[in-house]
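So you can see what is in the structure, the chains are spelled out below.
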Amino acid sequence: MWRRASVMACATNSLLEQMFAEADASSLRELDLSKNYVGNRGVLAVLEICKLLPNLQSLNLHDNGLRNDAALAIAQSLVHHPMLTSIDV
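Calculation criteria
Residues numbered from 1 in each chain as written. Predicted model: local features only at pLDDT ≥ 70, side-chain atom pairs only at ≥ 80, totals over all residues. Heavy atoms only, no water. Salt bridge = Lys/Arg side-chain N within 4 Å of Asp/Glu carboxyl O. Buried < 20%, exposed > 50% of the residue type's maximum accessible area, 1.4 Å probe, protein only. Pairing = 2+ DSSP bridges. Helix = DSSP H or I, 4+ residues; strand = E, 2+ residues; numbered from the N terminus. Axes fitted to C-alpha atoms, helices over the stretch in contact; angles between N-to-C directions. Arc of directions from axis to C-beta. Contact = heavy atoms within 4.5 Å. Polar contact = N/O pair within 3.5 Å; in protein donor to acceptor, adjacent residues only side chain to side chain. 1 Å grid on protein atoms, 1.4 Å probe; cavity = no way out; pocket = protein on both sides within 12 Å on 5 of 7 lines; lining within 4 Å. Points joined across faces, edges and corners; volume = space filled by probe spheres on them. Nonpolar A, V, L, I, M, F, W, Y, C, P; charged D, E, K, R; others polar.

Visitor: Teacher, can you tell me more about the pattern of salt bridges here?
Guide: A side chain with one charge can pair with a side chain of the opposite charge if their charged atoms come near. Applying the stated rule across the entire model yields one salt bridge. One salt bridge connects Glu-48 with Lys-51, and the closest N-O pair in it is separated by 3.2 Å. Lys-51 sits in the partly exposed class, given a relative accessible area of 43%.

Printed below as a string of C-alpha cells:
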C-alpha cells in the first residue's frame with residue numbers, strides 16, 4: 001500500500017503507516033483526516049487506504065485543499081464502500 005503512494009508521486013505519512021500497522025484496520029468505522037492538507041494527489045493515497053477498510057462509515061477530508069478532480073476520485077471510490085454513509089470534503 002505505501003509503496004503505491006510513492007508511485008502516485010505523493011509522500012506517505014509515517015504516523016498513518018504506524019497506526020494501520022498496529023491496529024486492526026478492518027474494524028475502523030471513522031477516518032478523520034480533516035485539516036491535514038492531504039491535497040489532490042494525497043487523496044489518491046488515502047483512497048487506497050480506504051480500500052482496506054470494509055467497515056468504513058464516515059470519511060472526513062474537510063479543509064484539505066481538495067479540488068474538483070479529488071472530489072471526482074472520491075465519488076468514483078464509493079463503489080468500494082457500501083457501508084459509507086458520511087463524507088465531509
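Visitor: Just to check I follow, could you spell out the sheet that holds strand 1 (residues 30-32) for this structure?
Guide: Strand pairs in the sheet, formed through backbone hydrogen bonds, run parallel or antiparallel to each other. A sheet is described by the order of its strands in space; here three strands give the open sequence 1-2-3, paired in parallel fashion. Whereas interior strands pair on both sides, the edge strands pair on one side only; in this sheet they are strand 1 and strand 3 (86-88). Neighbour to neighbour, the strand axes of the sheet diverge by 0° on average, direction disregarded. In this structure, strand 1 lies alongside strand 2 (residues 58-60), joined through three bridges in parallel fashion. Among the inter-strand pairings, Leu-31 is bridged to a residue of strand 2, identified as Leu-59.

Visitor: Got a minute to help me understand helix 4 (residues 68-77) in this structure?
Guide: Owing to its 3.6 residues per turn, the α-helix aligns residues three or four sequence positions apart on the same side. Those residues of helix 4 that sit buried are Ala-70, Ala-73, Ile-74 and Ser-77. Each buried residue of helix 4 lies within a common arc of 100° when the element is viewed along its axis, so the set occupies one face. Pointing more than 90 degrees away from the buried face of helix 4 are the exposed residues Asn-68, Asp-69 and Gln-76. Residues of helix 4 that are buried in the fold lie against helix 3 (39-50) and strand 3.

Visitor: Mind showing me how you'd approach the side chain of Glu-48 here?
Guide: With respect to the helices and strands, Glu-48 occurs in helix 3. Assessed through its relative accessible area of 16%, Glu-48 is described here as buried. Polar contacts involving the side chain of Glu-48 include one to the side chain of Lys-51, which spans 3.2 Å.

Visitor: Mind showing me how you'd approach empty space enclosed by the protein here?
Guide: One water molecule sets the probe size; rolling that probe over the atoms shows where empty space is left. Enumeration over the complete set of coordinates arrives at one cavity of 30 Å³ or more. A volume near 40 Å³ is recorded for the largest cavity. In terms of lining, the largest cavity is formed by Leu-47, Cys-50, Leu-56, Leu-59, Ile-74, Ser-77, Leu-78, His-81, Leu-84 and Ile-87. Of all elements in the fold, only helix 3 and helix 4 reach the threshold of two or more residues within the lining of the largest cavity. Per-class residue counts for the lining of the largest cavity are eight nonpolar, two polar and no charged.

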